[in-house]
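# Summary of the model geometry
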Amino acid sequence: MDVFYLNQIFIDPSRNQVFHGDECLLIEPKAMTLLCVFAQQPNKVLSQEVLFEAVWQNRIFSPSSLQRLITLLRKALKDDPKAAQFIHTHAKRGYSLEVQPAFAEHLRSDNANKQKKLTESTPLKAPFYVLPHPLWVIALSLLLIAGFSVFFLSNTNSNDQKLNKPVALTHTANNESMPKLSLNAQQLLFLRETGSRFELVLKATEKESEYSLLTQNKTFEFAWLNNTTVVLTHSEPNSGNNHLKVLTLADNQVMSERTIKVPSHITDLRALQTGHDNTLYMLATETKLVNARNLLVAFKEQTTQFKTLSVLPEDTFVQDLAVASNALYFTATKSHSIQQLLKYDLGTANFKIIKKDLASIYHVAWDYLRNQLILSDTLKAGVFSLSAQQLNKTKQQGEIKLLPFNFESPSPLSQIQVTKNAVFGTTFQQNIDIASNNATLTHVNSKYEDYQASVSPSGEHLAFVSHKHGRPMLFVKGKKGVATIFDNPHQHDFISRAIWSSHSNEFAFAVGGQVYLYDLTNKQLTHIESDQHIIRVDYWQNNTNQLIATTKQLNTAAIIELDTKIVWPFTLQGTVLYKDEDQQIIWQNDTLENLAKLKTWQPEQGEIVHAFSVKGLILAHVRNAIESNLFILKTNLEVQESTVLPTNVQFISSAFFEPTKENLVYFYSHWRNQDADIVKSDNYQN
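Okay, so let's go over this structure. Starting afresh in each chain, residues are numbered from 1 along the sequence in its written order. Owing to the predicted nature of the model, reporting of local features is limited to residues with pLDDT of at least 70; listing and counting of side-chain atom pairs is limited to 80 or more, with chain, interface and lining totals taken over all residues. Hydrogens are left out, water is left out, and the side-chain values use all remaining heavy atoms of the structure.

### Quick notes on the overall build of the chain
Convention followed: Secondary structure counts use DSSP, requiring at least four H or I residues in a row for a helix and at least two E residues in a row for a strand, with both numbered from the N terminus. Throughout this description, buried means an accessible area under 20% of the type-specific maximum (1.4 Å probe, protein chains only), exposed means over 50%, and partly exposed covers the range between. Computed with the Shrake-Rupley method and a 1.4 Å probe, the accessible areas treat only the protein chains shown as cover for residues.
Counting its secondary structure elements, the chain contains six helices and 54 strands. Expressed as a percentage of the 686 residues in the chain, the buried residues total 49%. In the form shown here, the chain has an accessible surface area of approximately 34,000 Å², with 50% of it arising from carbon and sulfur atoms.

As structure tokens, then:
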């Protein structure tokens, strides 16, 4: 789905990113899928059944799963459910998106149509090639000269810019963002979000020690005024009045603090940046007029005066700001769809468009040493530069091209700052860890999305899905480390949980509607071709050479004969959990049913999150509003044992019994949502 806007919020479905100005939030892939479903049918009430089918498509889910995704979306959109602006709840009916999305492609098409109409209304002139013969000779000569010039310049000005892979400077599970270097580049300030608290942290760039300067209940902007003075924004909770707090630092702590009142008609101070003359530049909103407008404001600490430098161009939302010696540079979104690079000349007080159609959203920083602008792509990994010579051209001759860096990072780098030989920034990642109730056994914590854990019956190998390379891939972890099993070259968005054979040396999974077998002994991956679109493999029978799988067709399963590679469908309402010669147990909604013995089991309260079989027993993960429980049932669906699960258990996906102790060891997904780290990329070279 194409990128789109909800009011001023930029949504990029392909990267699961939600942008509030220069603040980037990552959401779960399923939450983004749900948001796209809403965006395709705005102002329409969608039932829970419609949303279930759109997001899970016959996969495992529960009503609470939908409610959790709704909560995540509201948090990402900063939508108060008590006064909802975006997602509305309609009791016993469903949900609706009450904002009309603005899709980038539609906006570009509208602009193209306007341009076409303008062109059609313009009187026709002779085309450029209808020229007298002498002028043709001159034109061809100039073209040849220009061609040789371009060839020569392109071969003498090779790209030697380089950045190493970023190394994390912060290592907590909290979000650390907005790195701000002191003017001498010796100290680093950043914001740490811990729950609903926001902490201003100070650390030396070359040391591990950190010092907490202050904590507030609301997020705030900040900047260095000089090497010992910091300024930050503050809003009084009762009156709503805006202030600047000026902190004087010494010995890694705040020695003094003073408050400067901001003029009442200026609100929403953001993008604070300090120039070499200690002038603080920022963006603000002018509220005195009926129609609020965005301003460029300068502040001098010595005089405590606020000066409005310029009104920003209409219909322009600034993403980021960089301060050079004699100019300010902005990346901005025009008309909700066009990304631009703007320049504000501090001498002439004029705005100028440097590049009117950027390929992405960029954060910017000025490199004083090399006299160039650094641009970091916030949507995909990439760092670029523009020289002062290009930026200062009075007339742009041809398209300005961003010069790329040789950059080793797989992740986008944002909120950047530049020193002599390093670039500091922020990386955002969404974390799903695989954990176990046995801390001594293998588990996965790669700081990427790791889920669908499936342990072999022997407990020696763990198959799992990870997004560590930007797309779902299947891996196996054993005593010798992690091996890639399926690298997903066609970038399918879903790989089903691996189902192991009873011998622990093979497993099966489904991806893109097809079934695959992997043999651990031979390290061989086999594809089973079928006309049936297989969603997932459900069960590997113990006594026969058969797999049972779920197909895309409603209420239809399939038996896969491994000897003949024949796949034949049959009608079944539910997921097969266990099957032998005498009985078959299925799971449908919140009910387990033994079809042969006509017995059923339902939890007294809560919903079944997942159910599967281990050594002839049925395990059911049940979640209610208060807690989660794991039930172990016999094949006659009598409860043998139940236990209350830790609060961080989100989805039990697999288990096995330790052969010596007969202890049950289970593996589960632990959602950590989002992690942002301050990183440093050194070896910055030209």
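### Here's the deal with the packing of aromatic side chains
Note the threshold: Stacked, edge-to-face and tilted are the three classes for Phe, Tyr and Trp ring pairs, Trp counted by its six-membered ring, which pair at centre distances within 6.5 Å; planes under 30 degrees apart are stacked, over 60 edge-to-face, the rest tilted. To sit over a ring, a charge needs its Lys NZ or Arg CZ within 6 Å of the ring centre and within 35 degrees of the ring normal.
Tallying each qualifying case throughout the model produces 20 aromatic pairs. Three or more aromatic residues joined by ring pairs form one cluster here, namely Phe-486, Trp-500, Phe-507, Phe-509, Tyr-516 and Tyr-518. The side chain of Arg-370 reaches across the aromatic face of Tyr-684, ending 3.8 Å from its centre.

### Overview of the sheet that holds strand 33 (residues 450-455)
What counts here: One bridge is not enough; two strands pair if DSSP finds at least two bridges between them. Fitted lines through C-alpha atoms give the axes, limited to the stretch in contact for helices. The angle between two N-to-C directions lies from 0 to 180 degrees.
Taken together, four strands build an open sheet; the order of strands is 33-34-35-36 and the sheet is antiparallel. The open sheet is flanked by strand 33 and strand 36 (481-486), the only strands paired with a single partner. Averaged over all adjacent pairs, the angle separating strand axes in this sheet is 25 degrees, with direction ignored. Note that strand 34 (residues 462-466) and strand 35 (residues 473-478) share five bridges and pair antiparallel. Bridge assignment links Ser-466 to a residue of strand 35, and that residue is Met-473.

### Section: the sheet that holds strand 16 (residues 242-250)
Read from one edge of the open sheet, four strands run 14-15-16-17, paired in antiparallel fashion. Unpaired on one side and paired on the other, strand 14 (222-226) and strand 17 (253-261) mark the two borders of the sheet. Across the sheet, the axes of successive neighbouring strands diverge by a mean angle of 30 degrees, strand direction being ignored. Pairing between strand 14 and strand 15 (residues 229-235): four bridges, direction antiparallel. Of the residues in strand 15, the one forming a bridge with Phe-222 is Leu-232.

### Some thoughts on the side chain of Thr-274
Short version of the rule: Within 3.5 Å is the distance limit for a polar contact, defined as a pair of N or O atoms, with the added protein rule that one can donate a hydrogen and the other accept it, and that residues adjacent in sequence qualify only through two side-chain atoms. Pairs of residues are marked as contacts when any of their non-hydrogen atoms sit within 4.5 Å.
Structurally, the position occupied by Thr-274 is in strand 18 (residues 266-274). On the accessibility criterion, Thr-274 (18% relative accessible area) is buried. At 2.4 Å, the side chain of Thr-274 and the backbone oxygen of Trp-224 are in polar contact. Once you skip the residues sitting within four places of it in the chain, Thr-274 turns out to touch Ala-223, Trp-224, Leu-225, Thr-279, Leu-280 and Val-323.

### Some points on the packing of helix 1 (residues 29-40) against helix 2 (residues 48-56)
The following threshold applies: For classification purposes, angles smaller than 35 degrees are called roughly parallel, those larger than 145 roughly antiparallel, those between 65 and 115 roughly perpendicular, and all remaining angles oblique. For a crossing to be left-handed, the near helix must be turned anticlockwise from the far one by less than a right angle; the clockwise case is right-handed.
At a minimum axis distance of 9 Å, the contact between helix 1 and helix 2 shows a crossing angle of 125 degrees. Of the possible angle classes, the one that applies to helix 1 and helix 2 is oblique. As helix 1 runs across helix 2, the sense of the crossing is right-handed. In this structure, helix 1 contributes Lys-30, Thr-33, Leu-34, Val-37 and Phe-38 to the contact, and helix 2 contributes Leu-51, Ala-54, Val-55 and Trp-56.

### Comments concerning the environment of Phe-299
You can see Phe-299 is positioned in strand 20 (residues 293-300). Residue Phe-299 is classed as buried on the basis of its relative accessible area of 0%. In the structure, Phe-299 is positioned 20 residues away from Thr-279 in sequence and 5.9 Å away in space, judged by C-alpha atoms. The residues contacting Phe-299, other than those within four sequence positions of it, are Leu-244, Ile-260, Asn-278, Thr-279, Leu-280, Met-282, Thr-304, Gln-305 and Phe-306.

### Things to note about the environment of Leu-321
Following the sequence through the fold, Leu-321 ends up in strand 22 (residues 316-323). On the basis of relative accessible area, Leu-321 is assigned to the buried category, the value being 1%. For the pair Leu-321 and Arg-270, spaced 51 residues apart in sequence, the C-alpha separation works out to 9.8 Å. With residues near it in sequence (within four places) discarded, Leu-321 still touches Ala-271, Gln-273, Tyr-281, Leu-328, Tyr-329, Phe-330 and Val-364.

### Comments concerning the nonpolar core
As a rule of thumb, soluble globular proteins bury nonpolar side chains together. The criterion, for reference: Residues belong to a common nonpolar core when they are buried Ala, Val, Leu, Ile, Met, Phe, Trp, Tyr or Cys residues joined through side-chain atoms within 4.5 Å.
One finds Leu-6, Ile-11, Val-18, Leu-34, Phe-38, Leu-77 and Ile-87 to be the most contacted residues of the largest nonpolar core, which totals 33 residues. If you tally residues by element for this core, the top one is helix 1, at eight residues. If we ignore the near neighbours within four places in the chain, the residues touching Val-18 are Ile-9, Phe-10, Ile-11, Glu-23, Cys-24, Leu-25, Ile-27, Met-32, Ala-76 and Leu-77.

### Focus on the pairing of strand 22
Of all eight residues making up strand 22, seven are buried, and the element is well covered by its neighbours. Linking strand 22 to strand 23 (residues 327-334), which pair antiparallel, is a turn of three residues.

### Notes on unusual backbone geometry
With a phi close to 55 degrees, Gln-452 is a non-glycine residue in the positive phi region. With respect to the secondary-structure elements, Gln-452 resides in strand 33. Phi at Ser-504 takes a positive value of approximately 70 degrees, unusual for a residue other than glycine.

### Side note on helix 2
Heads up, the rule is: The arc in question is the one spanned by the directions pointing from the helix axis to the C-beta atoms.
For helix 2, the complete set of buried residues consists of Leu-51, Phe-52, Val-55 and Trp-56. Here the buried residues of helix 2 occupy an arc of 105 degrees about the axis, which is enough to place them on one side.

### Description of the environment of Glu-460
Along the polypeptide, Glu-460 turns up in the loop between strand 33 and strand 34. Under the relative-accessibility criterion, Glu-460 is labelled partly exposed at 43%. Aside from chain neighbours lying at most four places away, what touches Glu-460 is Lys-477, Gly-478 and Lys-479.

### Here's the deal with the pattern of salt bridges
As a reminder of what qualifies: Salt-bridge detection follows one rule: a side-chain nitrogen of Lys or Arg within 4 Å of a carboxyl oxygen of Asp or Glu.
Taken as a whole and assessed by the stated rule, the structure comprises nine salt bridges. The shortest N-O distance in the salt bridge between Arg-192 and Glu-176 comes to 2.8 Å. Remark: Glu-176 occurs in strand 10 (residues 175-181) and Arg-192 occurs in strand 11 (residues 187-194); sequence separation between them is 16 residues. Accessibility expressed as a relative area gives 8% for Arg-192, which makes it buried. Within the structure, one salt-bridge network assembled from shared partners comprises Glu-176, Arg-192 and Glu-210.

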